[in-house]
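Below are the chains, spelled out letter by letter.
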Amino acid sequence: MELLHSSALCVARFHRCSGGRSQDFGFFQQRQRSQVRQFPWLAANAAAPSRPAPVKPDFFDNDDSEEDEEDQRQRRKAGELDWATRARELAIQDMSFRNFTDEDFQALLPPHLRISKKKAKKKKKTRAKQEGAEAALQLEESRSAIKTKKKKDKDDDASSLQAANDTTPVDPKKLKALAKRFNAHRERYMNIEQSYSDSEGDEGEEELTTELTVVYGERREEGGGEESDDGEELPAALKDPRLLEIRLNQDLVDSRDVEEVLETIERVKGRFRLSSINVATALHRIAKHMVTLSMSETRRLKYARQCDVAELVASAMELLPECNAQGVSNIAWAISKIGGHLLYRGEMEIIARAALAKVDEFNPQNIANVAGAFASMQHSSPALFEKLMDAASRVPKEFRAQELAQLLWSFACMAQPLDSFLDSLDAALQQEQGSLELGEEQFQEESFPGKLSIEQLSSIAWSYAVLGQLQRPFFAHVCKEILAFEQDASLGQHKHMLQLTQLYQVVLALKWEGNHLELALGDRIEKLAAGAWEKERSSRKSTSFLQKDIERFLVCTGRQWIPEYVDADYSLDFAMKGGKVAIEVNGPSHFARNTGDLLGHTVLKHRLLEAAGWKIISASYAEWENLQGESEHVDFIQKLVAPHIRQIEQANERAV
């Protein structure tokens, strides 16, 4: 009983020193039994002084930190520690045996000494953040070490290959046979066609890699390359620079990202001159990685402005005369993917001249890729497109579905004539129908033009609408093929928004220009296309600064103009009230960047609006920006609008 009384007294004094409100010692004497029931472990600890030294938890790190453990041990032996310190140590000792958590310690403390949940959560979050940062640093260091080791191994391989000696005698017959075999592989390597589509391009690269590996392995087995198995140095007759070119090409094909392509080029820079094949392959791989990763235009332009890429593009322009037809096609496609429609205006002119020189050697894939490169960059070259049309007209049945869709889209996008090729398509289609003795709706995948996807069909149909060739038999065949997708459940998904907007423009073209043809795309497809068109049009409702600037000067015409007027399912920038006269403000996106010719989508819009009875006045941004002062702007507006206003007034007078 005496022990319980002393334990309760310790607790009472400890609570009072910690800020307890009651200062009356008699109050704790009256509640000693309840205190013992609440803290029964105090009595147990007092009866077990032989336990090991108490382990101090983190929560009490700041209490009594001035005395070290040795001083406390000596003072304990001398009996200098007061009863409160001893009671607390006994309590901590028992808590350590019971595996108390921080929450348990918090519950035993008075309210004003407890750590809030908010602070505890913040402390835990800070600790987790520090641990995550340390783990990320370790991961980055390990990756850097692996990358450095791989680069060192490749450098060692190239150095050992260049350090091969030419003093070892070789059997002349074996050397002659090996040289003949190598030249055969080299010739085939020069003529391999690397496709730009995902499937075709990867297959061509795998075939090339396999063949070069076989050649290189045979050369090493026969005594060519670095060192033979017996340690003897190998002859210089087999250390041809073309072998380094082949190995470099293989490394470029095996690259996993843009950075690795640039590192590979940097590793061999200065050792030997890059060939046209190496440069074309490097640019192709850079562009391929950008397309595979769906890299944004901002990131592509960031890479395009780097010194390594700029030097590579400059080398490509210098080596273009040495490239074959496939090399020119490769470089044109890569430049269009890296620079988009903002860069490489001068480079595209150089590519156009090189393509004109090689156009007779182009196959259907080369024709489609070169035309697609110029169209995606909005770079006009009428002479080149005319030659491409002639080359395509000679081999219409050799075009695969993707190549056919790309070629037609390219010519429609640049609003370039394609009459002779369309004639050849109609003739090939009729010949195929006659030879197979099938109806117009029965086409096998092996027959011309093969099985077309909805993406390809919508692109082809849109191209015919832009070119104004709705009366063609091939267009009628495309419309029937589109009807087969009317019950396709995936057609209404977001991924087909572009195809649906293209198809709705085809619907408008059939309505205003081809109503007599009695062609239709199906009720469901037309409904889905109308919804997609309306959604896209509403998302683009914004007035440009050029439109606002022109609107200020329309007052001088003496007529009232309605901005963003909708008719014939098109939005007109300004429509005259009381007359079907509209002003279309055309910014840079409506013109080819080098010639100022209207692009295909703008040509189609103006033509359909005119078919609906509108008089279209085109205000070019280039002409407007060259004007100076308000007087010139007023004169410009009056000259544009005055002839049409006079025609309306004369028509009204005749009607009266």
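Details of the structure are given in the entry above.
What counts and what doesn't
Residues numbered from 1 in each chain as written. Predicted model: local features only at pLDDT ≥ 70, side-chain atom pairs only at ≥ 80, totals over all residues. Heavy atoms only, no water. Salt bridge = Lys/Arg side-chain N within 4 Å of Asp/Glu carboxyl O. Buried < 20%, exposed > 50% of the residue type's maximum accessible area, 1.4 Å probe, protein only. Helix = DSSP H or I, 4+ residues; strand = E, 2+ residues; numbered from the N terminus. Pairing = 2+ DSSP bridges. Axes fitted to C-alpha atoms, helices over the stretch in contact; angles between N-to-C directions. Contact = heavy atoms within 4.5 Å. Core = buried A, V, L, I, M, F, W, Y, C linked by side-chain atoms within 4.5 Å. Left-handed = near helix turned anticlockwise from the far one by under 90°. Nonpolar A, V, L, I, M, F, W, Y, C, P; charged D, E, K, R; others polar. Phe/Tyr/Trp six-rings, centres within 6.5 Å; stacked < 30°, edge-to-face > 60°. Parallel < 35°, antiparallel > 145°, perpendicular 65-115°, else oblique.

1. A closer look at the pattern of salt bridges
As a working rule, side chains carrying opposite charge can pair if their charged atoms are close by.
Phase 1 of the analysis: Evaluation of the coordinates by the stated rule reveals 16 salt bridges.
Phase 2 of the analysis: Taking the shortest distance from any N to any O, the salt bridge between Glu 260 and Arg 256 comes out at 3.2 Å.
Phase 3 of the analysis: Residue class for Glu 260 comes out buried when judged on its relative accessible area of 9%.
Phase 4 of the analysis: Shared partners join several salt bridges into a network, and the residues in it are Glu 266, Lys 269 and Glu 311.

2. A look at the environment of His 284
Phase 1 of the analysis: Tracing the backbone through its elements, the reader meets His 284 in helix α13 (residues 276-292).
Phase 2 of the analysis: For His 284, a relative accessible area of 0% gives the class buried.
Phase 3 of the analysis: Here the alpha-carbon distance between His 284 and Asn 330, two residues 46 residues apart in the chain, equals 6.2 Å.

3. So, the sheet that holds strand β3 (residues 581-586)
Phase 1 of the analysis: Within the open sheet, the four strands sit side by side as β1-β2-β3-β4. Their pairing is mixed. The two strands at the open ends of the sheet, each matched to only one other strand, are β1 (561-567) and β4 (615-620). Each strand of the sheet is rotated relative to its neighbour by a mean of 40 degrees, with strand direction disregarded.
Phase 2 of the analysis: Against the sheet, helix α26 (residues 545-553) engages β1, β2 (570-576), β3 and β4, with an angle of about 20 degrees to β2.

4. Describing the nonpolar core
Phase 1 of the analysis: Ranked by internal contacts, the top residues of the largest apolar core, which has 118 residues, are Ile 331 and Phe 421.
Phase 2 of the analysis: Sequence-distant contacts of Phe 421, defined by excluding residues within four places in its chain, comprise Met 389, Ala 392, Ser 393, Pro 396, Phe 399, Leu 404, Leu 407 and Leu 408.

5. Thoughts on the packing of helix α18 (residues 364-376) against helix α20 (residues 401-413)
Phase 1 of the analysis: At a minimum axis distance of 8 Å, the contact between α18 and α20 shows a crossing angle of 35 degrees. Read as a crossing pair, α18 and α20 show a hand that is left-handed. In this structure, α18 contributes Pro 364, Gln 365, Ile 367, Ala 368, Asn 369, Ala 371, Gly 372, Ala 375 and Ser 376 to the contact, and α20 contributes Glu 403, Gln 406, Leu 407, Trp 409, Ser 410, Phe 411 and Cys 413.
Phase 2 of the analysis: Class assignment of the residues belonging to the contact of α18 with α20 gives a composition of nine nonpolar, six polar and one charged.

6. A few points about the packing of aromatic side chains
Phase 1 of the analysis: For the structure on display, the rule yields 10 aromatic pairs.
Phase 2 of the analysis: Ring geometry for Trp 624 against Phe 636: centres 5.8 Å apart, planes inclined by 65 degrees, an arrangement best described as edge-to-face. With a gap of 12 residues between them, Trp 624 in helix α28 (residues 621-625) and Phe 636 in helix α29 (residues 629-655) connect regions that are remote in the sequence.
Phase 3 of the analysis: We classify Phe 636 as buried; its relative accessible area is 14%.
Phase 4 of the analysis: Three or more aromatic residues joined by ring pairs make a cluster, and in this case those are Tyr 464, Phe 474 and Phe 475.

7. What to know about the packing of helix α16 (residues 325-339) against helix α17 (residues 345-358)
Phase 1 of the analysis: Here α16 crosses α17 at 155 degrees, and the two axes come no closer than 10 Å. It follows from the interaxial angle that α16 and α17 lie roughly antiparallel. In the crossing of α16 with α17, the sense of the turn from one axis to the other is left-handed. Where α16 approaches α17, its residues Ala 325, Val 328, Ile 331, Ala 332 and Ile 335 are matched on the opposing element by Met 348, Ile 351, Ala 354, Ala 355 and Lys 358.
Phase 2 of the analysis: The class makeup of the residues in the contact of α16 with α17 is nine nonpolar, no polar and one charged.

Functional significance is not addressed by these values, which are geometric in nature.
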